[in-house]
Every structure is written in C-alpha cells, then in structure tokens.
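Chain and residue survey
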Amino acid sequence: LIQRLSLTMDRSDGLAECTREMFALAMLVRLGKVSEDDIKQTFAAFRRLDHNNEGVLNSKSIIAGMIHRRRSIVGSAMAQRRGLVQPQ
C-alpha cells in the first residue's frame, strides 16, 4: 500500500522511510476511512497547486499556480475562438 501510493522516500543509504503523515495516510486507507483513489486525487490537487515543484505549498506557490492555470484556460479559450483548437 505504501509503495502503491508512493508514500516512501529513498534515503542515501538505500533504505526507504516514511513520515508520520505518510504513515497516517496509509493507515486511513487500511482502516477504510479513505480510499487509495481519494489519496491520489489529493496528491494530484497538490501537484497542480505546487507550480514550482518544490514539494511544499505556501501562499506564493498557490497564487503562482492559480495564475498559471488561469492563463492556460484563457489561452485555450482564445485558441478555440480562433479555430486553432477543437473544443474538448
């Protein structure tokens, strides 16, 4: 379960370890409180907000991610209006 959800970090000595938070997520899945899909969706949401791929969220990275997303949405809409891209 921990490997399927990529909840471990590899150390320089070749051993894998997980944080308290990673362990808690795995236990919540095992206890049936949340599903693996729930965890994967939250990780995907985190990646979308972590625009700079720093692995942490702060107000600067969240705002940068929102601006990037808004620009790509506006760019797609403009391309559709010009007939360059088919609507999805």
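Now for a look at the structure at hand. What you are looking at is a predicted structure, and each value in this text was computed from that prediction instead of being measured.

So, how was this worked out
- Residues numbered from 1 in each chain as written.
- Predicted model: local features only at pLDDT ≥ 70, side-chain atom pairs only at ≥ 80, totals over all residues.
- Heavy atoms only, no water.
- Helix = DSSP H or I, 4+ residues; strand = E, 2+ residues; numbered from the N terminus.
- Buried < 20%, exposed > 50% of the residue type's maximum accessible area, 1.4 Å probe, protein only.
- Contact = heavy atoms within 4.5 Å.
- Areas by Shrake-Rupley, 256 points an atom, 1.4 Å probe, with all protein chains shown as cover.
- Salt bridge = Lys/Arg side-chain N within 4 Å of Asp/Glu carboxyl O.
- Patch = residues over 30% accessible without salt bridge, like charges linked within 9 Å, V, L, I, M, F, W, Y side chains within 5 Å.
- Arc of directions from axis to C-beta.

1. Re the overall build of the protein
Along the backbone of the protein there are three helices and two strands. For the protein, the sequential pattern of α-helices and β-strands runs β-β-α-α-α. Looking at the protein as a whole, 11% of its 88 residues qualify as buried. Pairs at least 24 residues apart make up 22% of the contacts formed inside the protein by residues separated by at least 6 positions. Of the roughly 7,300 Å² of accessible surface on the protein, 54% is carried by carbon and sulfur atoms.

2. Considerations on the pattern of salt bridges
Following the criterion strictly, the structure yields one salt bridge and no others. A salt bridge links arginine 20 to glutamate 21, with the nearest nitrogen and oxygen atoms 3.9 Å apart. Its relative accessible area of 67% is what places arginine 20 among the exposed residues. Assessed through its relative accessible area of 48%, glutamate 21 is described here as partly exposed.

3. Some points on a nonpolar patch on the surface
Among the surface-exposed residues, Phe46, Leu49, Leu57 and Met66 lie close enough to one another that they form a single nonpolar patch of about 300 Å² accessible area. Residue placement: methionine 66 occurs in helix H3 (residues 59–81). With relative accessibility at 44%, the residue methionine 66 sits in the partly exposed group.

4. Side note on helix H1 (residues 20–30)
Those residues of H1 that fall on the buried side of the exposure criterion are Met22, Ala26 and Val29. Relative to the axis of H1, the buried residues are bounded by an arc of 60 degrees and lie together on one face. The first or second residue beyond H1 is glycine 32, which carries a positive phi of 80 degrees.

5. Describing the environment of serine 35
Inspection of the secondary structure assignment puts serine 35 in the loop between H1 and helix H2 (36–49). A residue is classified by how much of its surface remains accessible, and serine 35, at 31% relative accessible area, is partly exposed. Residues serine 35 and leucine 25, 10 residues apart in the sequence, show an inter-C-alpha distance of 9.7 Å.

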